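Architecture at a glance
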Amino acid sequence: MKKNYNFMEVTKHFKFAGDFIEANPYGFGHINDTYAAYFRKNDNKVHRYILQRINHNVFKEPEKLMENIERVTTYLRGKVIESNGDPERETLNIIPTVDGKSFYKDEEGNYWRGYIFIEGAKTYQVVENLNHFYNAGKAFGKFQKLLRGFPAEQLHETIPNFHNTPKRFEDFMEALNNDKCNRAKDVKKEIDFVINRKEDTAVLMNLLKEGKIPLRVTHNDTKFNNVMIDDVTGEGICVIDLDTVMPGLSLYDFGDSIRSGANPAAEDEKDLSKVTIDLDLYTHFAKGFLEAVGEFLTPTEIEYLPFSAKLMTFECGIRFLTDHLNGDTYFKIHREGHNLDRARTQFKMVADMEEKHDEMMEITQKLK
Ligand code: ADP
Ligand code: GN1
Ligand code: MG
């Protein structure tokens with residue numbers, strides 16, 4: 001992350017209340033540059049906002065991305081107000097620029113946006129408490145339910161083919177053939193792991209093509225650290241990181257949450273003996289998710305929930321390994337081999353899910 005942005009100058013373009021004090025890097029996202037920006041108001045009290053530099057290498061059309069976020073947050077805000085919730089905490093709120101836009105483009109071509117800082121809640125990198133994960137299931141399920149009436153045709157595709165796993169496989173093969181950084185020779189085991197499972201990649205895409213599962217408006221990046229957990233109640237108070245809200249499958253959202261939260265170890269854990277799919281965690285998330293969406297998920301969607309967890313984990317592992325082969329150009333890394341370590345945890349999870357497939361099926365059927 002570049003550190004020498006002129007935050008005083010950037011923040012001046014937004015309707016942030018108070019006098020700017022400082023901005024510090026914040027959170028653990030892999031994509032955008034996120035900062036907590038501190039301001040002093042007239043009463044001398046200090047408060048903060050979220051300031052983000054959108055990653056325009058990943059999101060090629062930030063204007064369209066922000067149009068999506070404006071539409072989705074406006075829609076969600078209406079729903080929260082309807083149910084007497086707190087619209088400043090239960091959805092993201094864009095802070096407009098002084099000229100009324102949803103983002104500011106600086107002279108170097110960086111895109112900046114501001115959000116209300118949701119206080120009294122946190123995101124976690126690893127699940128610390130079963131109840132939190134149950135509540136995350138409810139929150140992501142509720143998110144999908146709230147967006148059922150949202151006009152999908154209004155959404156731009158911010159990253160084309162985002163969960164097109166066969167395409168992710170093709171991109172991996174291309175990276176392997178190019179082998180730009182001469183890294184393939186050191187990751188033969190991982191390469192074989194991917195190639196041996198090629199057939200899995202098309203399963204959900206085929207169900208969709210055959211009309212067996214519906215396209216919905218989904219979040220598509222339902223990592224556990226993309227839901228804010230209330231410090232007092234432990235509820236999943238707000239789903240954040242709305243950059244990839246697009247038409248998608250309910251199964252993507254379920255699967256990606258299991259990928260990120262049902263592993264009791266970190267996503268980049270080097271000691272693979274710690275990496276597993278914890279069935280207790282799986283059960284808690286599935287219970288929360290099904291309680292929120294059970295009434296509208298089809299039997300086929302429910303049948304494929306365990307498979308979706310495996311596929312989303314496999315897809316993410318493919319993406320990490322592809323980025324390792326390409327020289328780490330997509331995900332932020334913080335050490336050498338970081339993407340490879342991440343790919344390895346994902347593949348360990350996939351192998352574990354293959355072993356525990358029957359148990360996962362049984363748990364899911366009991367919960368439905
Ligand atoms: P990325 O796309 O890089 O993952 P996120 O939008 O998820 O970026 O933000 C990174 C982190 O910043 C989140 O995991 C969360 O901890 C924190 N964060 C983001 N938005 C807010 C907000 N409105 N209030 C409080 N914290 C936030
Ligand atoms: C990225 O932005 P973040 O850190 O919430 C990525 C997800 C991956 C995840 C893996 C836009 O999520 O797709 O599953 O890393 N987001 C994008 O940790 O590519
Ligand atoms: Mg995030």
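A brief look at the structure comes next. Starting from 1, residues in each chain are numbered consecutively following that chain's sequence as written. Whichever chain is written first is A, and whichever ligand is written first is 1; the rest continue in order. Given that this is a predicted model, residues contribute local features only at a pLDDT of at least 70 and side-chain atom pairs are listed and counted only at 80 or more, while totals for whole chains, interfaces and linings are drawn from all residues. Water and hydrogen atoms were dropped before computing side-chain values, which therefore reflect all heavy atoms in the structure.

1. Details of the coordination of the magnesium ion (ligand 3)
Each metal's donors are the N, O and S atoms within 2.8 Å of it, or within 3.2 Å when it is Na, K or Ca, and because water is not part of the set, sites may look incomplete. Every protein donor of the magnesium ion (ligand 3) is listed here as Asn-226 (OD1) and Asp-241 (OD), and their distances to the metal cover 2.2 Å. Pair noted here: Asn-226 is in the loop between β8 (216-218) and β9 (227-230) and Asp-241 is in the loop between β10 (236-239) and β11 (246-248), with a separation of 15 residues, a long-range link. The buried label goes to any residue with under 20% of its type's maximum accessible area, the exposed label to any with over 50%, and the partly exposed label to all in between, with areas taken from a 1.4 Å probe on protein chains only. Assessed through its relative accessible area of 25%, Asp-241 is described here as partly exposed. Secondary structure follows DSSP: runs of H or I at least 4 residues long count as helices, runs of E at least 2 residues long count as strands, and numbering of each begins at the N terminus.

2. Focus on the pairing of strand β3 (residues 46-54)
DSSP calls a pair of strands paired once it identifies at least 2 bridges connecting them. Strand direction decides the pairing type here: strand β2 (residues 33-40) and β3, joined by eight bridges, are antiparallel. Looking across to β3, one finds that Phe-39 is bridged to His-47. If you look at the hairpin formed by β2 and β3, you'll find five residues sitting between the two strands, and Asn-44 has a positive phi there, around 80 degrees.

3. Notes on the packing of helix α10 (residues 305-326) against helix α12 (residues 357-367)
Interaxial distance between α10 and α12 falls to 8 Å at its minimum, and their mutual angle equals 130 degrees. When the axes of α10 and α12 are compared, the pair comes out oblique. Residues Leu-305, Pro-306 and Ala-309 of α10 form the contact with α12, whose own contacting residues are Met-360, Met-361 and Thr-364. In the scheme used here, Gly and all other residues not listed as nonpolar or charged are polar, with Ala, Val, Leu, Ile, Met, Phe, Trp, Tyr, Cys and Pro taken as nonpolar and Asp, Glu, Lys and Arg as charged. Of the residues that constitute the contact of α10 with α12, the class distribution is five nonpolar, one polar and no charged. For helices, the fitted axis covers only the stretch in contact; all axes are lines through C-alpha atoms, and the angles between them, taken along N-to-C directions, range from 0 to 180 degrees. Orientation labels follow simple angle bins: below 35 degrees gives roughly parallel, above 145 gives roughly antiparallel, 65 to 115 gives roughly perpendicular, and whatever is left gives oblique. Any two residues having at least one pair of non-hydrogen atoms within 4.5 Å are treated as being in contact.

4. So, helix α11 (residues 338-355)
Three- or four-residue spacings in an α-helix give side chains the same orientation, since the helix completes a turn every 3.6 residues. Helix span, as expected, comes to 1.5 Å for every residue beyond the first. With 18 residues, α11 extends 26 Å between its outermost C-alpha atoms, agreeing within 8% with the 26 Å of an ideal straight helix rising 1.5 Å per residue. For α11, the buried fraction is high: 13 of the 18 residues fall into the buried class.

5. Section: the site of ligand 2
One heavy atom within 4 Å of a molecule or strand makes the whole residue count as near it. Taken together, 18 residues are adjacent to ligand 2, and His-30, Lys-223, Glu-267, Arg-319 and Tyr-330 come closest. Asn-226 places a polar side-chain atom, nitrogen or oxygen, 3.0 Å from an oxygen atom of ligand 2. Whenever a nitrogen or oxygen atom comes within 3.5 Å of another N or O atom, the pair is scored as a polar contact, on the condition that within protein one atom can donate a hydrogen and the other can accept it, and that pairs from neighbouring residues in sequence are kept only if both atoms are in side chains. At 2.6 Å from an oxygen atom of ligand 2 is found a side-chain nitrogen or oxygen belonging to Glu-267. Summarising the interface, the protein chains cover 97% of the accessible area of ligand 2, which totals 440 Å² for the free molecule. Every element with two or more residues in the shell around ligand 2 is listed here: α7 (250-261) and α10. In terms of residue count, the dominant contributor to the shell around ligand 2 is α10 (three residues). Considered class by class, the residues forming the shell around ligand 2 number seven nonpolar, four polar and seven charged. Domain extents, as shown, originate in an automatic or database domain assignment. Residues lining the shell around ligand 2 come from more than one domain, with at least three contributed by each of domain 1 (7-119) and domain 2 (130-367). Using the Shrake-Rupley algorithm and a 1.4 Å probe, accessible areas are obtained, with residue cover drawn only from the displayed protein chains.

6. Notes on the packing of aromatic side chains
Working definition: a ring pair exists when centres of Phe, Tyr or Trp rings (six-membered ring for Trp) sit within 6.5 Å. Plane angles under 30 degrees give stacked, over 60 give edge-to-face, the rest tilted. Counted under the stated rule, the structure contains 27 aromatic pairs. An angle of 85 degrees between the planes, with centres 6.1 Å apart, marks the rings of Phe-7 and Trp-112 as edge-to-face. Of the two residues, Phe-7 is situated in helix α1 (residues 7-11) and Trp-112 in strand β6 (residues 111-116); the sequence distance between them amounts to 105 residues. Summarising the burial analysis for this pair, Phe-7 and Trp-112 share the class buried. Taken together, a centroid distance of 5.3 Å and an interplanar angle of 75 degrees make the contact between Tyr-26 and Phe-117 edge-to-face. Here Tyr-26 is found in the loop between β1 (19-25) and β2, whereas its partner Phe-117 is found in the loop between β6 and β7 (121-122), with 91 residues between them in sequence.

Read these as geometric descriptors, not functional statements.
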